[in-house]
Amino acid sequence: MKGIILAAGSGTRLYPASLPISKILLPVYDKPMIYYPITTLMLAGIKDILIITNPKDTDNFKRVLGDGSQLGIKFSYAIQEIPKGIAESFIIGEEFIGDDPVALILGDNIFHGFGFSTMLKMTGLRTNGATIFGYRVKDPERFGVVEFDNKGKAVSIEEKPKNPKSDFAVTGLYFYDNNAVKYAKSLKPSDRGELEITDLNKIYLNENKLKVEILGRGFAWLDTGTFESLLQASNFVQSMEINTGMKIACVEEVAYRMGYISKDNLKELSKNYKNGYGEYLQRIVKRN
């Protein structure tokens, strides 16, 4: 399975903080925001990742992440010249995807919760149909909303409805079979001129090939698109890391625990950081 991170947004809601650099490279507590979607894909067993950026930020992403070989994975890069919707990612990434299934995650989405890595691994093994993730929110009118019947089966999806039929928002993490490219090409732009991911999900829903995993109590889904949500995400990560002594979205640790790099590789990577982050990696080396 291939993975795509959509990180091409201009981040206007975070101006002036995001004027000099992509919002996806801004820090969420102690690491760049993009580390969070990267590790989400890695935990699903994905090692080949395409990062879609806007033209002015591509070099910054390459400088921060390189080609991924230091983590035992591979990063490729593509450009979205003008934002034309989330579903355009599959058209931009058609050559990269090839004949494989693909997972897409938005660059400003953070997920954390007990059992999430197991859920990701199981989802990553599916090669037919689509899987999306639902999360109960207090303001569903801001999101794509999924409606369920009395047996828990998804029966409709609406994009930012005025009168939501449920409280479950569709999060920014999607898994698709290889038909996603073909279906994305068949989409017509919405009233706001975008290829909507909701319309893509509706195709799978109408074919009875859409599975919705619910992220229940104990899960956190954080969208870091505003100053308030960015601060909340940083505070959440800080609190969890202080309380547990374990880091969230530490790419080097995930690469090591997934078997992508060796203990010696991890030890070398730890030398890049002369601070608590490097000390944390060194403790992992000694502990294991």
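Residues numbered from 1 in each chain as written. Predicted model: local features only at pLDDT ≥ 70, side-chain atom pairs only at ≥ 80, totals over all residues. Heavy atoms only, no water.

**Regarding the pattern of salt bridges**
No. 1: Within this structure, the stated rule accounts for 16 salt bridges.
No. 2: Of the charged contacts, one joins D108 and K23 as a salt bridge, the two residues approaching to 2.9 Å between their closest N and O atoms. Of this pair, D108 sits in the loop between β6 (102-106) and β7 (109-112) while K23 sits in the loop between β1 (2-7) and β2 (27-28), and the two are 85 residues apart along the sequence. The two residues D108 and K23 agree in class, both being buried.
No. 3: The salt bridge involving K56 is made with D57; its shortest N-O contact spans 3.5 Å.
No. 4: Relative accessible area serves as the criterion here: at 53%, K56 is assigned to the exposed category. (Salt bridge = Lys/Arg side-chain N within 4 Å of Asp/Glu carboxyl O. Helix = DSSP H or I, 4+ residues; strand = E, 2+ residues; numbered from the N terminus. Buried < 20%, exposed > 50% of the residue type's maximum accessible area, 1.4 Å probe, protein only.)

**Let's talk about unusual backbone geometry**
No. 1: Cis rather than trans, the peptide bond between Y15 and P16 has omega equal to 5°.
No. 2: Take P16: it is sitting in the loop between β1 and β2.
No. 3: Of note in this structure, Y29 is not a glycine but carries a positive phi near 60°.
No. 4: With respect to the secondary-structure elements, Y29 resides in the loop between β2 and β3 (31-32).
No. 5: For Y29, a relative accessible area of 36% translates into the label partly exposed.
No. 6: Backbone geometry at K160 places phi at a positive 45°, although glycine is not the residue there.
No. 7: Among the structural elements, K160 can be located in the loop between β10 (154-159) and β11 (168-176).

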